Amino acid sequence: MSNLHPNQNSTWPVRADGFAVPYEVFLDPQLYAREQALIFGGAAWSFVGLTAEIPSAGDFKATQIGATPVIVTRDEHGVVSVMLNRCAHRGALVCREPRGNVRRLQCVYHQWNYDLRGRLRGVPFRGGFNGKGGMPANFELDTHNLQVLRVEVLHGLIFATASRTVESLEKYLGPMIVSSIARICGDRQLEVLGDQRQYMHGNWKLYAENTRDPYHASLLHLFHNTFGLYRSTQAGACLMDDTHRHTMLYAKASTSDETVDREVYKDVRSYASQFKLSDPSLLAGRSEFDDGITLVIMSIFPNLVIQQIANTLAVRQINTYGPNEFELVWTHFGYTDDDAEMRGIRLKQANLIGPAGLVSMEDGEAVDIVQKAIAGTMGASYLGMGGGKAEDAEHLVTESAIVGFWENYQSYLGLNV
C-alpha cells in the first residue's frame, strides 16, 4: 500500500538542496490506478494520432489513452471523432486491428454496429425471432452509443479527453508549446512514413523524466555525442509552459567548440572520437528550419513527445499497461511536398530513433535498469542539476523540467508536500 496519501500530510520527501521523487511512484499499483482515473481519465488532453493517419472517409485508428482503448475515426463528412473502443453491449473491443477503412464499426461478439461517430445503428435479433426473445420494448438505439470523448485538432495533431471541464487545448498547451508545434507541423501538410513500437519493462513516468532531461543526452548516447548531433555544450535551452506541465528542449548543432568539447568530455565514455561512420550520408541532411535549431524534444503532458532530430520528424505516444510496463509508439512523418531526396533522407535518418535506433536504444535500457534497481525498495531519486527547481534554463545542464512534471503529477493526484 502506498504511503503517499491524497489531501493529507504526505510522506513525499522534501530536500533543501533539490527535489526528491519517492521510488514508490514507479512501483505502486494503487498510484497507477489513480493515474488512470485522474490523469489519463481526468482534466488533461491526451494525444491520440495525426490527421494524416486517417486521411480518408472511413479511416480509423485503434489506440489508447493511458490503458484505455480508444478509436479515432474520420466520417464521410470529414469529422474526426474519438470514442472508447468498448462495445456498449458486453464491453468487447470493437476495433481489433490497429488501422483500417470501414463503413461501419462492428463488434465481432454480437455484431452490434455503430456509425463512424460511435452512434449505435444496428442490433441483430433486436426484435427476436418468431415472436420470441429480442430486446425490451423500450430499448432505444441512441441510449447505447459508444462513449464519445471531446476532441480538438491542432496543426494535424489529434487530442482527446474524457473531461468536460478541462480548458481548451490551446489554453492547456500554452503559447510557447502551440508555437513550437506550429514550427514543425503548422505550415505544411504532414505525410506518415511509418511506425515503430517499443515495449518497455518499466514505469511510464521514467520515460516522461527521460524526455525532459537534456542533461543525460550527451552522457548516455554515444552516437549523439560522438558525431555532434547533440552535446550539452551546444547553444540550446529547456523551456516550459506557464504551468510547467509541458517542455520544449532544443539545441543547435555546430555551436560548440571542438577543442572545448574534447576537454569537457575527455573522461566521458560517450565521447568516442575514434569512431567514424562508414556511411557519412546518414548525417548528410538538409537545413530546413531557418532558426538554426537542429534538435527538438517536446514533451506534452501526459503522453506525447514530438521530436526533430536532424531531418527525422516523429511523434511518440506513451501507452500504459501497468506500473512496470508501457509501450512507446513512434510515428515517423515528413511533408507531402518533400522531394524524393528529402524523403530518402528522412527514411535513412529514421535509423537514429526507435527501439534499435542509433540514438534512442539507450533510453529503453535506462528505463529498464532503473525499474530493476528500485524494485522492492524504499528511498527516493534526487534532482539537483540546475538548482532542483521548475524554471526555464537557457542552457542544457538542468533537470528543472523533470521537477515541473512531478509538481504537476502531485497536483493531479492530490499529493500534498
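Analysis parameters
Residues numbered from 1 in each chain as written. Predicted model: local features only at pLDDT ≥ 70, side-chain atom pairs only at ≥ 80, totals over all residues. Heavy atoms only, no water. Salt bridge = Lys/Arg side-chain N within 4 Å of Asp/Glu carboxyl O. Helix = DSSP H or I, 4+ residues; strand = E, 2+ residues; numbered from the N terminus. Buried < 20%, exposed > 50% of the residue type's maximum accessible area, 1.4 Å probe, protein only. Domains from an automatic or database assignment. Contact = heavy atoms within 4.5 Å. Buried area = accessible area lost by both parts, 1.4 Å probe. Pairing = 2+ DSSP bridges. Axes fitted to C-alpha atoms, helices over the stretch in contact; angles between N-to-C directions. Parallel < 35°, antiparallel > 145°, perpendicular 65-115°, else oblique. Nonpolar A, V, L, I, M, F, W, Y, C, P; charged D, E, K, R; others polar. Core = buried A, V, L, I, M, F, W, Y, C linked by side-chain atoms within 4.5 Å. Disulfide = S-S within 2.5 Å.

## A word on the pattern of salt bridges
In step 1: On inspection of all chains with the given rule, the structure shows 20 salt bridges.
In step 2: Between Glu327 and Arg197 there is a salt bridge whose closest N-O contact spans 2.9 Å. Highlighted residues: Glu327 in strand E18 (residues 325-335) and Arg197 in strand E12 (residues 190-200), separated in sequence by 130 residues.
In step 3: On the basis of relative accessible area, Glu327 is assigned to the buried category, the value being 9%.
In step 4: On the accessibility criterion, Arg197 (48% relative accessible area) is partly exposed.
In step 5: Linking Arg346 and Asp338 is a salt bridge whose minimum nitrogen-to-oxygen distance equals 2.8 Å.
In step 6: Judged by relative accessible area, Arg346 falls into the buried class, the value being 3%.
In step 7: Linked through salt bridges whose partners overlap, the residues forming this network are Arg188, Glu288, Asp337, Asp338 and Arg346.

## Points about the domain arrangement of the protein chain
In step 1: Along its sequence, the protein chain is organised into domain 1 (46-154) and domain 2 (173-413).
In step 2: For domain 1 versus domain 2, the distance between C-alpha centres works out to 35 Å.
In step 3: Contact with domain 1, which involves 13 residues of that partner, is made by 16 residues of domain 2.
In step 4: With both chains or domains summed, domain 1 and domain 2 bury close to 1,200 Å², and 58% of this area falls on carbon and sulfur atoms.

## Quick word on the sheet that holds strand E14 (residues 247-252)
In step 1: Strands sit in the order E12-E18-E17-E16-E15-E14-E13 across an open sheet of seven strands; the sheet is antiparallel. The outermost strands of the open sheet, each flanked by one partner alone, are E12 and strand E13 (235-240). Within this sheet the neighbouring strands show an average axis-to-axis angle of 15 degrees, counted without direction.
In step 2: Taken together, the five bridges between E14 and strand E15 (residues 295-300) define a ladder with antiparallel strand orientation. Its bridge partner being in E15, Ala251 is matched across the sheet by Leu295.

## Remarks on unusual backbone geometry
In step 1: The step from Phe301 to Pro302 runs through a cis peptide bond, and the omega angle for that step is 5 degrees.
In step 2: At His155, a position not held by glycine, the phi torsion is positive, near 50 degrees.
In step 3: Structurally, the position occupied by His155 is in the loop between strand E10 (150-154) and strand E11 (157-161).
In step 4: Phi angles above zero are rare outside glycine, and His244 is one such case at about 70 degrees.
In step 5: Tracing the sequence through the fold places His244 in the loop between E13 and E14.
In step 6: The exposure class of His244 is partly exposed, given its relative accessible area of 21%.

## Description of the sheet that holds strand E7 (residues 105-106)
In step 1: Strand order in the open sheet formed by three strands is E7-E8-E9, with antiparallel pairing between adjacent strands. Whereas interior strands pair on both sides, the edge strands pair on one side only; in this sheet they are E7 and strand E9 (120-122).
In step 2: Note: E7 against strand E8 (residues 113-114), two bridges, orientation antiparallel. Within E8, the residue paired with Gln106 across the bridge is Asn113.

## Focus on the side chain of Asn311
In step 1: Within the secondary structure, Asn311 sits in the loop between strand E16 (304-309) and strand E17 (312-322).
In step 2: The class of Asn311 is buried, set by a relative accessible area of 2%.
In step 3: Other than its neighbours up to four places away in sequence, Asn311 contacts Gly285, Arg286, Glu288, Met342, Ile345, Arg346 and Gln349.

## Focus on the packing of helix H1 (residues 29-40) against helix H10 (residues 400-413)
In step 1: Relative to each other, H1 and H10 sit at 85 degrees, their axes nearing to 9 Å. Compared by their axis directions, H1 and H10 come out roughly perpendicular. Taking contact as the criterion, the partners of Leu31, Arg34, Glu35, Leu38 and Ile39 in H1 are, on H10, Tyr409, Tyr412 and Leu413.
In step 2: The residue inventory of the contact of H1 with H10, partitioned by class, reads six nonpolar, no polar and two charged.

## Some details on the nonpolar core
In step 1: Ile181, Ile184 and Trp406 are the most contacted members of the largest nonpolar core, which totals 94 residues.
In step 2: Looking at which element gives the most residues to this core, the answer is H10, with eight residues.
In step 3: Apart from the residues within four sequence positions on either side, Ile181 is in contact with Leu154, His155, Leu157, Leu173, Gly186, Met298, Ile300 and Ile306.
In step 4: If you look at the next biggest cluster of nonpolar residues, it comprises 16 residues, including Phe60, Val94, Trp112 and Val123.

## Brief notes about the state of the cysteines
In step 1: All told, the structure shown has zero disulfides when counted by the stated rule.
In step 2: Of the cysteine sulfurs around Cys87, a residue in no disulfide, the closest is that of Cys107, at 4.0 Å.
In step 3: The thiol of Cys238 is unpaired, and the distance to the nearest cysteine sulfur, on Cys185, comes to 20 Å.
In step 4: The class for Cys238 is buried, based on a relative accessible area of 0%.

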